[in-house]
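# Fold and contact review
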Amino acid sequence: MATKGSNSIHRSSSRPLLDLSKAEIQGNVEEKYPTILLPNQSDDLSHLALDIGGSLIKLVYFSRHEGQSTNDKRMKILKDKLGILNGNRRSYPILGGRLHFVKFETNKINECLEFIYSKKLHCGGWESHHSDSTNDQNAVIKATGGGAYKFADLFKERLGISLDKEDEMDCLVAGANFLLKAIRHEAYTHMEGQKEFIQIDPNDLFPYLLVNIGSGVSMIKVDGDGKFERVSGTNVGGGTYWGLGRLLTNCSSFDELLELSQKGDNRTTDMLVGDIYGTDYPKIGLSASTIASSFGKATLENKELEEYRPEDISLSLLRMISYNIGQISYLNALRFGLKRIFFGGFFIRGHAYTMDAISFAVHFWSKGTAQAMFLRHEGFLGALGAFMSYEKHGLDDLMVHQFVERFPMGAPYTGGKIHGPPLRNLNEKISWMEKFLQKGTEITAPVPMTPPGTTGLGGFEVPLSKGSTLRSDASALNVGVLHLIPTLEVFPLLVDPKMYEPNTVDLSDHSELEYWLTILSEHLPDLVDKAVASEGGTDDSKRRGDAFARAFSAHLARLMEEPAAYGKLGLANLLEMREECLREFQFVDAYRSIKQRENEASLAVLHDLLMELDSLDEETRLLTLIEGVLAANIFDWGSRACVDLYHKGTIIEIYRMSRNKMQRPWRVDDFDAFKERMLGSGDKKPLPHRRALLFVDNSGADIVLGMLPLARELLRRGTEVVLVGNSLPALNDVTAMELPDIVAEAAKHCDILRRAAESGGLLVDAMTNTLDGSKEKLPSVPLMVVENGCGSPCIDFRQVSSELAAAAKDADLIILEGMGRSLHTNLYAQFKCDALKLAMVKNQRLAEKLVQGNIYDCVCKYEPAY
Amino acid sequence: MDPRRAETGKNSDQIQSGHVYHLALDIGGSLAKLVYFTKNDEHIVGNEKKKSPLKASGISNSSRNSPVLNGRLNFKKFETSKINDCLEFINSMKLHLGGCQQPESPGSQTITIKATGGGAYKYADLFKEKFGISLDKEDEMDCLVAGANFLLETIHQEAFTYMGNQKQFVWIDKNDLYPYLLVNIGSGVGMIKVEGDGKFERVSGTSIGGGTFWGLGKLLTKCKSFDELLDLSYRGNNRAVDMLVGDIYGGMDYSKIGLSSTTIASSFGRAISENKERDDYKPEDIARSLLRMISNNIGQISYLTALRFGLKRIFFGGFFIRRHPFTMDTLSVAVNFWSKGEAKAMFLQHEGFLGAVGAFMSSDKHGLKELLANQKVERPPSKLSFSLDQTQVPQQDGELNGDESIECSVYGA
């Protein structure tokens with residue numbers, strides 16, 4: 001990627017670059033976190049870039065991902081089986097990591113310097129092996145913004161680093177291009193207080209107009225990477241608003257002035273069309289409330305400045321400037337045939353009201369044919385661009401599917417009540433949460449709120465404010481940490497990845513959001529108990545559990561207040577956020593002991609179940625197997641209703657009771673179609689599937705009594721089976737790490753499973769013990785396990801692990817099991833192969849919404865390859 | 001008498017001894033403008049010379065049983081606050097002898113006058129009560145466009161450019177006049193695409209106009225009048241309040257993007273300084289900065305709008321400009337800047353009278369247009385047909401003072 005000649009971003013050649021030659025993984029490959037040694041890389045490699053503006057310092061830095069081991073035996077065999085070779089995959093100079101976005105106020109630059117120092121970002125950023133670097137003196141950090149000049153000496157003195165200045169506009173454009181191409185739903189529109197996220201096809205991005213509203217306004221036509229031109233601008237910008245505002249009011253800050261505008265009424269200062277014509281002027285399409293002359297009313301009255309409300313003046317100014325910028329931007333976009341207009345700069349950052357005003361202007365002047373768009377990471381365009389100006393920043397070729405954005409607690413400016421200082425470690429995070437409590441600003445569980453209303457008046461007759469608080473820079477700019485996972489891929493069997501939308505529940509519907517936030521909120525105490533117990537119930541774990549609860553509640557409260565706070569929000573994102581939040585407070589696996597217990601209990605009765613199944617004829621067996629999957633899916637700790645059930649019986653009792661209730665027809669019942677594909681009709685015997693991917697859900701009965709018997713049936717019919725498990729724990733979902741052990745245990749009761757598991761490399765250790773008995777039999781088709789790349793009870797097929805993607809290549813059947821993967825997400829997903837979606841609906845609302853049914857209804861949806 | 005060869009003469013203040021016909025009014029917020037025709041006293045109706053063009057073009061007089069009158073089209077201004085002077089003036093002209101009587105009530109005292117502008121509504125009762133004159137209201141924009149079209153088509157030295165204190169008349173072939181952009185800078189700014197007589201559309205505009213200049217100026221300085229504010233602006237220096245490109249890039253041009261160090265990067269961008277209050281800035285500088293901000297912006301939006309609709313020329317008018325060469329200069333600079341020299345701002349000699357002329361034209365009783373059209377057939381326009389002696393007009397004036405006339409002919413009532 002470094003050799004890409006087309007990238008014309010100016011690069012300084014004066015500093016050493018990341019040299020990857022002779023890079024190797026040092027030490028035992030079995031080691032959990034092998035250290036990457038870059039012997040030819042000089043020590044000043046930095047993964048920090050700065051944008052030092054007049055009011056804010058923006059940092060973008062990269063930290064190496066503390067990834068899991070991918071070098072266990074299972075993987076080695078899997079790679080052979082699936083043909084995953086390192087040579088087939090791209091080799092990345094960055095093995096994955098996290099891109100962090102941090103802000104400081106420029107007048108508190110010391111905090112920034114301390115932060116850089118504490119994170120050792122000034123000496124290379126690789127905390128693990130540069131902690132005692134003595135080569136700090138030559139470190140060069142890319143920087144942009146006016147402060148890159150102003151504070152150059154300070155950085156040199158305090159941290160011993162030189163700032164390598166990059167052109168502001170180069171950085172701006174590079175940052176915008178990167179974000180628009182690599183981050184899903186980066187762009188959004190903002191009309192009448194409502195955000196709507198837009199997915200832009202990276203191949204259809206250029207040319208666009210980037211309007212940067214700082215003191216003045218620059219309008220940049222962007223034709224591609226490094227291809228841009230400043231085509232226009234206006235001297236009426238943020239500086240004009242703040243400058244005139246200061247002269248006309250007694251405001252002492254830009255934010256104060258802006259806040260005033262929300263309470264203003266510009267009719268006292270502006271001359272409206274109605275003031276002139278007494279009514280609308282329909283002949284030229286102007287309504288009475290259209291501003292005919294900004295501040296025109298002041299010419300008609302003999303009033304002193306002091307007699308005008310500063311609120312009204314501020315609003316009048318804001319509209320004057322926003323409308324003007326919107327108008328000129330639209331005319332320029334039109335002039336150059338640019339499809340989209342993106343607005344950014346300090347005048348806009350996080351200010352809902354400014355965005356509304358500009359959006360209105362673009363809408364007004366374009367007669368609805370154009371829309372103003374904004375970027376979620378807008379404040380970081382320059383810093384990102386500076387980061388990209390490193391010769392080998394590693395971000396060049398990354399794609400949307402390789403990023404996962406997460407919103408950790410304690411990232412600075414996470415938003416609203418939960419924004420805080422940059423927190424360096426877990427302890428600081430917990431302290432921060434506790435401090436919240438002491439300050440009396442306790443975060444409460446979400447309370448129902450009225451839907452974020454529009455004024456209903458349209459236009460701008462009254463200020464459109466949401467709530468009484470200003471969405472200031474700090475609270476509205478919710479930028480998470482970008483987890484860069486180069487191994488993530490788009491699931492190859494999706495019919496149309498561009499049209500694919502995993503979520504079936506749209507949380508932009510306020511009542512929907514309220515419902516799910518309440519569900520999560522109610523479920524929280526139970527989850528905290530489980531989490532604390534999983535860590536042995538120590539004082540430390542209690543403290544962390546408490547902090548987790550507060551942090552997660554704060555997220556929920558934030559989302560209730562502003563649903564779009566973290567970008568486009570689906571139920572899958574919400575559920576993943578909970579898991580991520582747990583991990584953040586170092587609860588590795590809250591359901592660990594429960595999962596173990598249930599696995600054991602289920603495995604104990606597996607033998608009896610298999611005997612029962614084997615006594616049935618083929619057709620009855622298939623039905624019983626599907627019934628079994630649906631019945632076993634009742635064991636779900638994610639469902640409140642089911643948790644209550646657990647107290648009423650043993651696993652096998654519940655399982656049998658549940659299965660006996662499986663009266664067909666199910667709510668969605670494609671079993672006959674599936675059966676015909678499997679068994680054919682009459683004499684026609686269809687070919688078995690070549691390979692089936694089984695996306696498993698819960699531990700315990702679900703996997704052992706439901707999915708494993710189904711897998712066994714497929715194996716028996718000559719179909720390769722790949723069990724797809726989560727990469728990271730989520731609730732009581734079975735993980736890819738746990739599956740081999742479960743399979744090994746099950747294999748003790750079943751020859752079919754044993755041989756398939758051996759063939760799939762899952763029983764490497766056990767092989768020698770069982771070799772004798774199996775020698776005379778034919779080699780079995782393999783049973784394999786892959787991880788899905790997720791740490792959530794749902795699955796987003798745009799971002800799956802590379803091993804799953806590789807396994808999918810030969811697959812012609814996928815079976816999605818459980819609510820998270822086949823109802824919350826993917827119910828409507830279309831695949832290029834046969835797909836069976838199986839779930840028991842364990843939520844009344846979901847049942848009503850998705851299948852027009854009731855709780856405990858079953859879904860058996862079969863769709864032949866599209 | 002071809003108006004294209006007519007001389008504009010300063011009438012001084014006296015009313016010509018001749019009769020007044022065909023009066024029209026434009027009563028704005030600050031000025032009331034009058035356009036009216038006076039017959040040359042000694043000219044005889046049915047003069048040979050006058051008749052010939054009509055005969056030659058085969059136009060029958062059947063529809064018009066009126067004689068053709070030769071005389072002058074007069075322009076006159078009053079301050080709206082002194083509307084009584086205006087009324088006196090009209091009254092003294094013995095309009096009842098002119099062509100403004102309602103046809104159905106000849107000889108009666110009810111006289112109807114075409115009028116436009118906001119004051120046409122506001123003062124309607126006053127005209128009625130005092131002199132029994134009823135005002136026939138015409139749409140402002142219709143009048144504006146009709147007036148501009150008439151003047152640009154008819155008067156040879158009507159359009160001019162103004163840059164660096166240099167006024168230069170531009171000859172426009174009337175066959176190549178349309179489409180053009182008419183930018184009317186009043187309190188707000190209307191931008192009208194004109195494609196022909198009666199064919200126009202308000203395509204754009206901006207709320208940042210004369211009212212913004214005067215409104216903000218009033219709040220920021222102690223000025224008592226628009227003119228005072230404008231006077232201040234001549235003496236100001238916007239560097240004190242504006243952030244220039246040089247302020248950002250250390251006195252150097254930001255040549256990479258083609259901006260010179262004196263380009264305004266942010267109007268009032270320097271006024272954010274924490275240790276300065278409003279009183280620490282000179283009103284002159286504030287006025288200057290305001291003027292440049294607003295002119296620059298209007299120039300830019302006008303240029304972009306002209307570009308959008310493929311309009312060849314941009315004519316600026318309205319009270320923001322009238323009589324103010326400095327304003328014309330800043331507008332011209334703006335258009336020049338944004339168009340990279342490709343477009344020029346143009347102004348109209350009779351700019352202040354567009355509405356009044358338009359109102360005048362809205363009645364066709366006088367047949368001015370018709371007569372002119374016929375004359376055109378016979379006599380192609382000559383470059384010398386109309387001249388304006390620069391020395392007659394004070395340099396401070398962007399236009400005629402309002403007491404001039406054009407020689408022409410009309411039908412009598």
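Please refer to the structure placed before this passage.
In this report, we go over the structure that sits alongside the text. (Residues numbered from 1 in each chain as written. Chains lettered and ligands numbered in written order. Predicted model: local features only at pLDDT ≥ 70, side-chain atom pairs only at ≥ 80, totals over all residues. Heavy atoms only, no water.)

With that settled, the discussion passes to the overall build of chain B. When helices and strands are tallied, chain B shows twelve helices and 16 strands. In chain B, which comprises 413 residues, the proportion classed as buried is 59%. A sequence separation of at least 24 residues applies to 72% of the contacts in chain B between residues at least 6 apart. Carbon and sulfur atoms provide 48% of the accessible area of chain B, an area that totals close to 16900 Å². (Helix = DSSP H or I, 4+ residues; strand = E, 2+ residues; numbered from the N terminus. Buried < 20%, exposed > 50% of the residue type's maximum accessible area, 1.4 Å probe, protein only. Contact = heavy atoms within 4.5 Å. Areas by Shrake-Rupley, 256 points an atom, 1.4 Å probe, with all protein chains shown as cover.)

Ranked by size, the top nonpolar core spans 102 residues in total, and within it A:Leu248, A:Phe343 and B:Phe316 carry the most contacts. Of all the elements, helix α10 (residues 310–335) of chain A adds the most residues to this core, at twelve residues. Ignoring sequence-local partners within four residues, the contact set of B:Phe316 consists of B:Val183, B:Ile185, B:Ile298, B:Ser302, B:Ile321, B:Leu331, B:Val335, B:Ala345, B:Met346, B:Phe347, B:Leu348 and B:Glu351. (Core = buried A, V, L, I, M, F, W, Y, C linked by side-chain atoms within 4.5 Å.)

Turning our eyes to something else, we now look at the side chain of A:Glu512. All names here are of chain A. Within the element layout of this structure, Glu 512 appears in helix α15 (residues 510–534). Classification of Glu 512 by relative accessible area gives buried; the value is 4%. Beyond its immediate chain neighbours, meaning those up to four positions away, Glu 512 contacts Val 505, Asp 506, Leu 507, Arg 845 and Lys 849.

Residue and element names in this part refer to chain A. At a closest axis distance of 10 Å, the pairing of helix α18 (residues 592–614) and helix α24 (residues 739–747) adopts a crossing angle of 25°. Considered as vectors, α18 and α24 are oriented roughly parallel to each other. α24 is crossed by α18, and the crossing has right-handed handedness. Side by side, α18 and α24 meet where Asn 599, Leu 603 and Leu 606 of the first sit next to Ile 742, Glu 745 and Ala 746 of the second. Looking at the contact of α18 with α24 residue by residue, the class counts come to four nonpolar, one polar and one charged. (Axes fitted to C-alpha atoms, helices over the stretch in contact; angles between N-to-C directions. Parallel < 35°, antiparallel > 145°, perpendicular 65-115°, else oblique. Left-handed = near helix turned anticlockwise from the far one by under 90°. Nonpolar A, V, L, I, M, F, W, Y, C, P; charged D, E, K, R; others polar.)

Another point: helix α25 (residues 751–759) of chain A. All names here are of chain A. Among the nine residues that make up α25, eight are buried, leaving the element largely enclosed by the rest of the structure. Taken together, the buried positions of α25 are occupied by Ile 752, Leu 753, Arg 754, Arg 755, Ala 756, Ala 757, Glu 758 and Ser 759. Looking one or two residues past α25, Gly 761 carries a phi angle of roughly 80°, positive in sign.

Here we come to the packing of aromatic side chains. Inspection of the entire model under this criterion finds 39 aromatic pairs over all chains. Between A:Tyr188 and A:Phe197 the ring centres are 5.6 Å apart and the planes differ by 55°, which places this aromatic pair in the tilted class. With relative accessibility at 12%, the residue A:Phe197 sits in the buried group. Through successive ring pairs, a cluster of aromatic residues spans A:Phe491, A:Tyr500, A:Phe695, A:Phe797 and A:Phe831. The aromatic ring of A:Trp666 is capped on one face by A:Arg664, whose charged end is 5.5 Å from the ring centroid. The ring of B:Phe160 is capped by B:Lys167, whose NZ or CZ atom sits 4.3 Å from the centre of that ring. (Phe/Tyr/Trp six-rings, centres within 6.5 Å; stacked < 30°, edge-to-face > 60°. Lys NZ or Arg CZ within 6 Å of the ring centre and 35° of its normal.)

Time to look at the pattern of salt bridges. All names here are of chain A. In total, this model carries 49 salt bridges over all chains according to the counting rule given. Where Asp 201 meets Lys 498, a salt bridge forms, and the shortest distance between an N and an O atom there is 3.5 Å. Taken as a pair, Asp 201 in the loop between β9 (194–198) and β10 (208–213) and Lys 498 in the loop between β18 (481–484) and α15 lie far apart in primary sequence, 297 residues in all. Given a relative accessible area of 63%, Lys 498 falls into the exposed group. One salt bridge in this structure joins Asp 223 and Lys 221, with 3.5 Å as the shortest N-O distance. Using a relative accessible area of 33% as the deciding quantity, one classes Asp 223 as partly exposed. Beyond isolated ion pairs, a larger network of salt bridges with shared partners links Asp 614, Arg 621, Arg 712, Glu 713 and Arg 716. (Salt bridge = Lys/Arg side-chain N within 4 Å of Asp/Glu carboxyl O.)

The subject of this paragraph is the sheet that holds strand β21 (residues 720–725) of chain A. Residues and elements named next belong to chain A. Here we have seven strands laid out as an open sheet, ordered β19-β25-β24-β23-β20-β21-β22, and mixed in their pairing. A single partner strand is all that each edge strand has here, and the edge strands are β19 (668–669) and β22 (783–787). One ladder, built from five bridges, connects strand β23 (residues 813–817) with strand β24 (residues 834–840); its direction is parallel. Of the residues in β24, the one forming a bridge with Ile 814 is Ala 835. The strands touched by helix α22 (residues 671–679) are β19, β23, β24 and β25 (858–863); relative to β25, the strand with the most contacts, the crossing angle is about 45°. (Pairing = 2+ DSSP bridges.)

With 50 residues of chain A at the contact, the number on the chain B side is 54 residues. Of all residues in chain A, the largest losses of buried area upon contact with chain B belong to A:Asn235, A:Arg246 and A:Leu247, amounting jointly to 17% of the total for that side. At the boundary of chain A with chain B, the tally comes to one salt bridge. Salt-bridge contacts for A:Glu306 lead to B:Arg278; the nearest nitrogen and oxygen are separated by 3.3 Å. Elements represented by at least two residues in the side of chain A that touches chain B include exactly α6 (168–182), β12 (227–234), α7 (238–248), β14 (291–293) and α10 of chain A. Of all the elements, α10(A) adds the most residues to the side of chain A that touches chain B, at nine residues. (Buried area = accessible area lost by both parts, 1.4 Å probe.)

Residue and element names in this part refer to chain B. The strand order β8-β7-β15-β14-β9-β10-β11 describes an open sheet built from seven strands, whose pairing is mixed. In this open sheet, the two strands that pair with only one neighbour each are β8 (166–170) and β11 (199–206). On average, each strand axis in the sheet is tilted by 35° relative to the strand beside it, whichever way the strands run. Where strand β9 (residues 180–185) and strand β14 (residues 313–317) come together, five bridges link them in parallel fashion. Bridging from a neighbouring strand, Leu 181 pairs with Ile 314 of β14. This element, helix α9 (residues 283–308), spans β9, β10 (189–196), β11 and β14 of the sheet and lies at about 155° to β9.

We now examine the environment of A:Ser593. Residues and elements named next belong to chain A. Along the chain, Ser 593 falls in helix α18. Given the relative accessible area of 36%, Ser 593 is considered partly exposed. Sequence separation between Ser 593 and Gln 852 is 259 residues; the distance between their C-alpha atoms is 36 Å.

Here A:Phe206 and A:Pro207 are connected by a cis peptide whose omega angle stands at -10°. Residue position: A:Pro207 is located in the loop between β9 and β10. The residue after A:Arg664, namely A:Pro665, is reached through a cis peptide bond having omega -5°. Within the secondary structure layout, A:Pro665 lies in the loop between α21 (651–660) and β19. Not every positive phi belongs to a glycine, and B:Phe268 is a case in point at roughly 65°. If you trace the backbone, B:Phe268 turns up in the loop between β13 (264–266) and α9. On the accessibility criterion, B:Phe268 (0% relative accessible area) is buried.

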